[in-house]
Amino acid sequence: MAALATKPSTADIWTWLEEVPDPEIPVISVVDLGIVRSVDWEDDGLVVTVTPTYSGCPATAVISFDITEALRRRGIDRVRTKTQLSPAWTTAWLTDKAREKLKAYGIAPPIEGARCAAELKNTIVECPHCGSTATEQVSRFGSTPCKASWRCRDCLEPFDYFKSF
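Definitions and cut-offs
Residues numbered from 1 in each chain as written. Predicted model: local features only at pLDDT ≥ 70, side-chain atom pairs only at ≥ 80, totals over all residues. Heavy atoms only, no water. Salt bridge = Lys/Arg side-chain N within 4 Å of Asp/Glu carboxyl O. Helix = DSSP H or I, 4+ residues; strand = E, 2+ residues; numbered from the N terminus. Buried < 20%, exposed > 50% of the residue type's maximum accessible area, 1.4 Å probe, protein only. Arc of directions from axis to C-beta. Contact = heavy atoms within 4.5 Å.

## What to know about the pattern of salt bridges
Piece 1. Evaluated as defined, the whole model comprises 9 salt bridges.
Piece 2. A salt bridge links Glu42 to Arg80; the nearest nitrogen and oxygen atoms lie 3.5 Å apart. On the criterion of sequence distance, the pair formed by Glu42 in strand S1 (residues 36–42) and Arg80 in strand S3 (residues 79–83) is long-range, its members being 38 residues apart.
Piece 3. Between Arg72 and Glu69 there is a salt bridge whose closest N-O contact spans 3.5 Å. On the criterion of helical spacing, the pair formed by Arg72 and Glu69 is a turn pair, its members being 3 residues apart in helix H2 (residues 60–73).
Piece 4. The class for Arg72 is partly exposed, based on a relative accessible area of 35%.

See below:
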């Protein structure tokens, strides 16, 4: 694809990034996830700053590649992703739209303020399938490191709970 004659606005770039899915939970975008921290033109190249959900996240390289490729398809030839670890990502950065998409996908969105499994013992986690609050944690570890396995005692369906960080 030929290089663009003019630089797209950062607003356009943010809109384009909303189309880049998270590789582990494809129903939410990297923008919805809150990991894209900034988009800046530096000289004649674009720098996208990303904060991974945690420093050892195995999807970080894939996310950087997907962001770069999505923007190159839009005609931005010089794209660089930069990883920023501080401040650390938190589930508070998830958009409301992401929380709704998680629930519709069958993943219970994180409960703010519950930082670890011990704090979840007395916390109500709503079943994303039937809405029941008669749920229980099965394992602190789910299908990915950022999720825990839960089940509903009413509809008997298992589900992931997106851990709070």
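Now that the structure is up, let's keep going.
## Here we look at helix H1 (residues 10–17)
Piece 1. For H1, the set of buried residues is Ile13, Trp16 and Leu17. End-on, the buried residues of H1 take up no more than an arc of 100°, which puts them together on one face.
Piece 2. In this fold, the buried residues of H1 make contact with S1, strand S2 (45–50) and H2.

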